[in-house]
Amino acid sequence: EAATALAGLARRHPDTIAVMSAPLPRALRYITEPQGKASVIFLLGEYGESIQEAPYSLEKVIDNYDNIVDDGVKTALLAATVKLFFHRPPECQHMLGRLFKKATEDVSSQDLHDRALFYYRLLRSSPDPDIVKSIISKSMTMSTRQFAEEDDSELKAALMDEFNTLCTVYRCKPENFIEDANIVPFVRMPKEHPLPSDAPLAPVPDPGVNAVTDQLGGASITEQQGQAAPPPPAPAVTSGEVDLLGFGFDEPATPAPVSSAGSLQSLSLKASVTLSGDAYQSLWGSVPDGEAIVTPALPMRTAPSATDAVEASLKTFNVFTMASGELPTEFKFFLYGQEEDAFGGGFFLIQAIMLKAPASLSLTIKVSGGDPDPTKRKEKTDQLIELIKSSLGQYI
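What you are looking at is a predicted structure, and each value in this text was computed from that prediction instead of being measured. (Residues numbered from 1 in each chain as written. Predicted model: local features only at pLDDT ≥ 70, side-chain atom pairs only at ≥ 80, totals over all residues. Heavy atoms only, no water.)

All right, on to the overall build of the protein chain then. Each helix and strand counted, the protein chain has 16 helices and six strands in total. In the protein chain, which comprises 396 residues, the proportion classed as buried is 39%. Taking the contacts inside the protein chain whose residues are at least 6 apart along the sequence as the reference set, 64% of them involve residues at least 24 apart. Accessible surface for the protein chain amounts to roughly 22,500 Å². Of this, 55% is attributable to carbon and sulfur atoms. (Helix = DSSP H or I, 4+ residues; strand = E, 2+ residues; numbered from the N terminus. Buried < 20%, exposed > 50% of the residue type's maximum accessible area, 1.4 Å probe, protein only. Contact = heavy atoms within 4.5 Å. Areas by Shrake-Rupley, 256 points an atom, 1.4 Å probe, with all protein chains shown as cover.)

Taken as a whole and assessed by the stated rule, the structure comprises eight aromatic pairs. Taking the centre distance of 5.8 Å and the plane angle of 55 degrees together, the rings of Phe118 and Tyr119 count as tilted. Relative accessible area serves as the criterion here: at 46%, Phe118 is assigned to the partly exposed category. Since its relative accessible area comes to 6%, Tyr119 is described here as buried. Note that Lys356 overlies the ring of Phe331, its terminal NZ or CZ placed 5.0 Å from the centroid. (Phe/Tyr/Trp six-rings, centres within 6.5 Å; stacked < 30°, edge-to-face > 60°. Lys NZ or Arg CZ within 6 Å of the ring centre and 35° of its normal.)

Glancing now at the pattern of salt bridges. What the rule picks out here adds up to 14 salt bridges. With its nearest N and O atoms 3.0 Å apart, the salt bridge here joins Asp341 to Lys270. With a gap of 71 residues between them, Asp341 in the loop between strand S4 (330-338) and strand S5 (347-356) and Lys270 in the loop between helix H13 (221-225) and helix H14 (277-286) connect regions that are remote in the sequence. For Lys270, a relative accessible area of 16% translates into the label buried. Through salt bridges with shared partners, one network takes in Glu59, Asp63 and Arg98. (Salt bridge = Lys/Arg side-chain N within 4 Å of Asp/Glu carboxyl O.)

A few words on the nonpolar core. With 38 residues, the main nonpolar core has Ile41, Leu44, Leu58, Leu77, Leu78 and Val82 as its most contacted residues. Elements with a minimum of two residues in this core: helix H3 (24-30), helix H4 (34-46), helix H5 (54-63), helix H6 (71-87), helix H7 (89-105), helix H8 (110-125) and helix H9 (129-140). If you tally residues by element for this core, the top one is H6, at nine residues. When residues no more than four places from it in sequence are discounted, the contact partners of Leu77 are Ile41, Leu58, Val61, Ile62, Tyr65, Ile68 and Leu99. (Core = buried A, V, L, I, M, F, W, Y, C linked by side-chain atoms within 4.5 Å.)

This part is about the pairing of S5. A large share of S5 lies buried, amounting to eight of its 10 residues. One ladder, built from nine bridges, connects S4 with S5; its direction is antiparallel. In the strand pairing of S5, Phe334 is matched with Gln351. Summarising the sheet, S5 and strand S6 (residues 359-368) pair through 10 bridges and their orientation is antiparallel. Counterpart to Lys356 in the pairing with S6 is Ala359. Here S5 folds back onto S6 in antiparallel fashion, the turn holding two residues. (Pairing = 2+ DSSP bridges.)

A word on H4. Between the first and last C-alpha of H4 there are 18 Å, a value that for 13 residues agrees with the 18 Å anticipated at 1.5 Å per step. Of all 13 residues making up H4, 11 are buried, and the element is well covered by its neighbours. Every buried residue of H4 is accounted for by Gly36, Lys37, Ala38, Ser39, Val40, Ile41, Phe42, Leu43, Leu44, Gly45 and Glu46. For H4, the N-terminal cap is Glu33; the gap from its side-chain oxygen to the backbone nitrogen of Gln35 is 3.2 Å. (Expected span 1.5 Å × (residues − 1). Polar contact = N/O pair within 3.5 Å; in protein donor to acceptor, adjacent residues only side chain to side chain.)

Before going further, it helps to examine H6. For H6, built from 17 residues, the straight-helix expectation of 24 Å at 1.5 Å per residue is met to within 8% by its first-to-last C-alpha distance of 25 Å. Taking the backbone nitrogen of Gly72 as reference, a side-chain oxygen 2.9 Å away marks Asp70 as the first, capping residue of H6.

This next bit is on the pairing of strand S3 (residues 320-326). Where S3 lies against S4, six bridges are found, and the strand directions are antiparallel. Along S4, the bridge assignment pairs Thr321 with Leu335. A loop of three residues connects S3 with S4, the two strands running antiparallel in sequence.

In this section: unusual backbone geometry. The omega torsion across Ala357 and Pro358 is -10 degrees, close enough to zero to call that bond cis. For Asn318, which is not glycine, the phi torsion reads 65 degrees and is therefore positive. The topology assignment puts Asn318 in the loop between helix H15 (307-316) and S3.

Per-residue confidence for the protein chain averages 75 on the pLDDT scale, and 72% of its residues sit at or above 70. No element of the protein chain has a lower mean pLDDT than H13, at 38, and none a higher one than S4, at 91. Across residues 139-144, where pLDDT falls below 50, the model places 10 contacts with residues more than four positions away in sequence or in other chains. Counting interchain partners and residues more than four positions distant, the pLDDT-below-50 stretch residues 234-247 has 19 contacts. (pLDDT = per-residue confidence, 0-100.)

Below, the structure is given as structure tokens:
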């Protein structure tokens, strides 16, 4: 093991060979373990130009070739002798010929036989020895970037989680060079929802369905008067008594219309929700893709310049961001929100994709928990779509 480690050290730090070269010939006589013996033979061939006794030490091993059992030792001996021949040809010519004869007649290893035959034919047929030297030297050069102890599988897994960051450059975890307060935790997000050509599209809701979200959108009251009148609203409520979404308007808020059957539901999201990445992925996977609501691409006046402004606008409306990122052609957001417990407490999980050109917005929404009535869930999803459009009024 010490000889193997020494060979690795010499590969990585060739300047240390001057220190370790002197005892190598003596070590070769006493090492019996095959891997260690092969390592010392490799060092004698690789750095034999500066080791005076190197060819004579290898010659003794060649003379004892018939007693060598391990194929690895034989292969290392062949490679080392061929390489040393180019540095010290007068001393190695005859012993290399004997080694070729023994190796080409050796039937214990097909690989060894083929290597010996290749080296022999290459030396015999090449008109320029320098070309052969460059070929053999390059083919035998072995570089080691790190030791086995540094090959940390746990570190590799952590670096893959931090791919495309400086962690892969520094080969260390972010906590080793970034303050804890500035570390962005890695969150593995669910797979993207497939969007087949025949996927059902969520209908664009009638603007009169949710008077609260209409009030928060870009349309004015006069623009809404030309549309079909919604069901009669409840009596107006004085200022300060009702503020469903907590926006603090000074003027009285117009409550959402309520149908006589009481089927229309108002959407009220919690202002503070905590959801981990694992929980988000679990909830997303628990809802079948067939139950997801996929909106048609909504045209946008302009695409955002960064994700921060979009996240801030959505947060104002209690729609929070689990993860976001910018790609060459689009922005991608994984969003979520939760109903107030009094309205069912269901989670809305949203994947939003904003194309840069032409600017458009596509939404994929899954609802986990909450009201089990499909009609009411759809109504709330429609209201959520309008809520998102309202929050992004500067872009849509």
